[in-house]
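Residue-level structure breakdown
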Amino acid sequence: MRLSRPNGFTLVELLVAMLLGIVLSFGIVNVFIQSKADYSQDEELARMQENARYALRLLSRELTLAGLTGYYSGIASSVTGTPTITNDCGTNWAVNISEAIAYTNNATASPHSGCISDDDDIKDNTDVLVVRRTADDYSLDDGDENTGVTIDASGSDIKRVYMKKSGKDYSFIQGSSVTSGDTTSGSGVDLWEYYASVFFVRPYSDSGDGIPTLCISSLTSTAQMKTNCYIEGVENFQLEFGIDSDGDGVADQYKATATSAEVDSAVAVRVHLLMRSINTVPQYSNTKTYDLGNAVSNYTPSDKYYRRVYSTTVILRNADNA
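Residues numbered from 1 in each chain as written. Predicted model: local features only at pLDDT ≥ 70, side-chain atom pairs only at ≥ 80, totals over all residues. Heavy atoms only, no water.

1. Brief notes about the sheet that holds strand 11 (residues 234–243)
Paired through their backbone hydrogen bonds, the strands of a sheet run either parallel or antiparallel. Reading across from one edge, 12-11-13-16 is the order of the four strands in this open sheet, with antiparallel pairing throughout. Looking at strand neighbours, the two that pair on one side only are strand 12 (253–255) and strand 16 (307–315), the edges of this open sheet. Averaged over all adjacent pairs, the angle separating strand axes in this sheet is 25 degrees, with direction ignored. Pairing analysis gives eight bridges linking strand 11 to strand 13 (residues 268–276), with the strands arranged antiparallel. From the neighbouring strand, Gln238 faces strand 13, where its bridge partner is His272. (Pairing = 2+ DSSP bridges. Helix = DSSP H or I, 4+ residues; strand = E, 2+ residues; numbered from the N terminus. Axes fitted to C-alpha atoms, helices over the stretch in contact; angles between N-to-C directions.)

2. What to know about the pattern of salt bridges
Evaluated as defined, the whole model comprises ten salt bridges. Arg307 is paired through a salt bridge with Glu235; the nearest N and O atoms lie 2.6 Å apart. Linking Arg307 in strand 16 with Glu235 in strand 11, this pair joins segments that are 72 residues apart in sequence. When its relative accessible area of 7% is taken as the criterion, Arg307 is described as buried. (Salt bridge = Lys/Arg side-chain N within 4 Å of Asp/Glu carboxyl O. Buried < 20%, exposed > 50% of the residue type's maximum accessible area, 1.4 Å probe, protein only.)

3. Quick notes on the side chain of Glu235
Residue classification places Glu235 among the buried residues on the basis of a relative accessible area of 8%. Beyond its immediate sequence surroundings of up to four residues, Glu235 is in contact with Lys123, Thr126, Val201, Pro212, Leu274, Arg276, Tyr299 and Arg307. (Contact = heavy atoms within 4.5 Å.)

4. Thoughts on the pairing of strand 3 (residues 126–134)
Along strand 3, nine of the nine residues are buried, which leaves the element largely enclosed by surrounding structure. For strand 2 (residues 101–107) and strand 3, the ladder comprises five bridges, and the chain directions are antiparallel. By the bridge assignment, Thr104 is partnered in strand 3 with Val128. Note that strand 3 and strand 8 (residues 189–202) share six bridges and pair antiparallel. When the sheet's bridge partners are listed, Val130 is paired in strand 8 with Val198.

Remember that the coordinates give geometry; whether it matters functionally is a separate question.
What follows is the structure in structure tokens.
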């Protein structure tokens, strides 16, 4: 009986098999790289959109409540009292409720150096917004504390700033000035916690990272102005103020360079945000042109970041002329 020897691969078959393996491996690696790039792009876009929505909600709420003085309106000129505030943006700046909204158009230096440390903390040619208001719910109403509120005048609330109403008299006080008589039911005293905030874009989130971020310098419960940065990816922040020319309560035109008087009498504000992805996107080149209403036009970045403009219009419900 004759035994047959097993046949192996020929050199040509081996080379063909290796070539097919390399081609398949290259295809798999390419699919993996593309999938990873698509995932990265989707993640950057989703994060950018989420941050934009949060920023617009925050700014819209603040502008809607700007000038709120508790249950009451049109009393700014009668408010007295000057609490001591650490790192205030200027003398009695925080408690200047008569100027509920203020802004600096295309800032190139800090307009509020007392509470924003230096010029490098504000991104050049972005707007700076100031909002002053009371809380949207009372702390004390005719001597009765609101649900969930306990005013600790000698403890945690000793420096907290309130707007106080007693009869027709309005004043700013701190928690240390709240008496037991004030917190007695039927006292006729109302207290509303008071806020003052500066919204601005900083060219970094953490020092040196180059991530533009929306920051807020705000009045805290310890009577000091303190800066916190919340929303990364806000590259530009622009405002346009709606001017009512004929007194019907409807904006007839929007100005990106409004005067102080026009800001005081504005009936609406358009808010524009230019959002940028946190990280660069490989194999992407951004040569698009962006407009932020009438405030900024024809901005072309020419880099590898995703961008998108988000805008909203806010009605000023507590303006002096409302």
